[in-house]
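Spelled out, the chains give:
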Amino acid sequence: MKLARAIHFDESDMRIFASPARTGEWCISGGFEFSDWTEGDLTGKARQAFSNGWFGLETGGRVTFVAVTALEPGELETLTSLLAQHFVTYYGAPSVEAAIPVAEEELRQMVALCDDHDPNTLLTVARELTEAGVREAYRVIEAQSAGLDQFAIHVDE
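Residues numbered from 1 in each chain as written. Predicted model: local features only at pLDDT ≥ 70, side-chain atom pairs only at ≥ 80, totals over all residues. Heavy atoms only, no water.

Q: Would you mind going over the overall build of the protein chain with me for this structure?
A: The secondary structure content of the protein chain amounts to four helices and seven strands. Secondary structure elements in the protein chain, listed N-terminal to C-terminal, are β-α-β-α-β-β-β-α-α-β-β. Across its three principal directions, the C-alpha atoms of the protein chain cover 70 × 35 × 25 Å. Out of the 157 residues in the protein chain, the part that is buried amounts to 36%. In the protein chain, once contacts between residues fewer than 6 apart in sequence are set aside, the share between residues at least 24 apart is 67%. When the accessible surface of the protein chain is split by element, carbon and sulfur atoms take 51% of a total near 9200 Å². Averaging the coordinates of the 11 positive side-chain charges in the protein chain and doing the same for the 26 negative ones gives two points 5 Å apart. (Helix = DSSP H or I, 4+ residues; strand = E, 2+ residues; numbered from the N terminus. Buried < 20%, exposed > 50% of the residue type's maximum accessible area, 1.4 Å probe, protein only. Contact = heavy atoms within 4.5 Å. Areas by Shrake-Rupley, 256 points an atom, 1.4 Å probe, with all protein chains shown as cover. Lys, Arg positive; Asp, Glu negative; His and termini not counted. Charge placed at Lys NZ, Arg CZ, Asp CG, Glu CD.)

Printed below as a string of C-alpha cells:
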C-alpha cells in the first residue's frame with residue numbers, strides 16, 4: 001500500500017501558502033476544503049492553496065509536491081483517526097466515529113492514486129472551479145534513476 005508525503009525542493013511553499021505542510025508529513029488531496037468555495041474565495045494565499053495545494057494530515061498545511069512512498073497498514077488507521085478528528089474540529093462533524101467513514105474514503109482515494117505509481121514518483125494537483133463544483137487533475141512526474149557517477153567524486157592522483 002502507498003500514500004504520499006510532502007516534499008520541498010526550495011522555500012517557495014513557505015511563502016505561497018498561509019500554512020505550509022511539514023516536509024515528510026502524509027498528504028491527501030484535501031479538495032474537501034474547497035467544496036463550497038466561490039470565485040470570491042479565490043484570493044491571495046487561499047487561491048494558491050486551492051489551485052495546487054496538497055493537504056498535510058498532521059498540520060492541515062499545504063504543499064505543492066508530494067512523493068509516493070510505502071505506507072504500513074497500522075499507519076493508515078492512525079491517519080484515518082487524525083483526519084476524522086480534523087473533520088470534527090474544523091468542519092463540525094458530530095463525532096470522530098461519525099467522521100471515520102468520510103476520512104476512510106478520502107484516504108482510500110489517495111491510496112488508489114498512489115498505488116499506481118512507483119515509490120518516489122512526484123505528484124502535483126491542479127484545481128479549478130466549475131459549475132459542477134471543484135475539478136481536480138493530477139500530474140505525475142516519474143522518478144528518475146540516477147547513475148552512481150552523477151554523485152561520485154572523481155579524483156586523479
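Q: How should the sheet that holds strand E7 (residues 133–141) be read in this particular structure?
A: Consider a sheet: its strands pair through backbone hydrogen bonds, and that pairing is either parallel or antiparallel. The seven strands are arranged E4-E3-E2-E1-E5-E6-E7 in an open sheet whose pairing can be described as antiparallel. At either margin of the open sheet sits one strand with a lone partner, and together these are strand E4 (62–63) and E7. In this sheet, E7 lies alongside strand E6 (residues 122–130) in antiparallel orientation, the contact comprising nine bridges. Looking across to E7, one finds that Ala-126 is bridged to Ala-137. Contacts from helix H2 (residues 44–52) reach strand E3 (54–56), E4, E6 and E7, with the element oriented near 115 degrees to E6. Contacts from helix H3 (residues 73–91) reach strand E1 (2–7), strand E2 (26–28) and E3 within the one sheet, and its direction differs from that of E2 by about 60 degrees. (Pairing = 2+ DSSP bridges. Axes fitted to C-alpha atoms, helices over the stretch in contact; angles between N-to-C directions.)

Q: Hey, could you run me through the packing of H3 against helix H4 (residues 96–115) in this one?
A: To describe two helices that pack against each other, one gives the angle between their axes and the distance between the axes. Interhelical geometry of H3 versus H4 gives an angle of 120 degrees and a closest axis separation of 8 Å. Looking at the two axes, H3 sits oblique to H4. Once H3 is placed against H4, the crossing between them reads as right-handed. For the pair H3 and H4, the contacting residues are Leu-76, Leu-79, Thr-80, Ser-81, Leu-83, Ala-84, Gln-85, Phe-87 and Val-88 in the first and Val-96, Ala-99, Ile-100, Val-102, Ala-103, Glu-104, Glu-106 and Leu-107 in the second. Looking at the contact of H3 with H4 residue by residue, the class counts come to 12 nonpolar, three polar and two charged. (Parallel < 35°, antiparallel > 145°, perpendicular 65-115°, else oblique. Left-handed = near helix turned anticlockwise from the far one by under 90°. Nonpolar A, V, L, I, M, F, W, Y, C, P; charged D, E, K, R; others polar.)

Q: Even after reading the chapter, I still don't get H2, so can you show me in this structure?
A: Each α-helix turn comprises 3.6 residues. Residues three or four places apart therefore point the same way. Along H2, the positions that sit buried rather than exposed are Ala-49, Phe-50 and Asn-52. On the buried face of H2, the contacting elements are E3, E4, E6 and E7.

Q: Is there a simple way to think about the pairing of E6 in this case?
A: Side chains on a regular strand alternate between the two faces of the sheet. Pairing of strand E5 (residues 65–70) with E6, which is carried by two bridges, proceeds in the antiparallel orientation. Paired with Ala-67 across the bridge in E6 is Leu-122.

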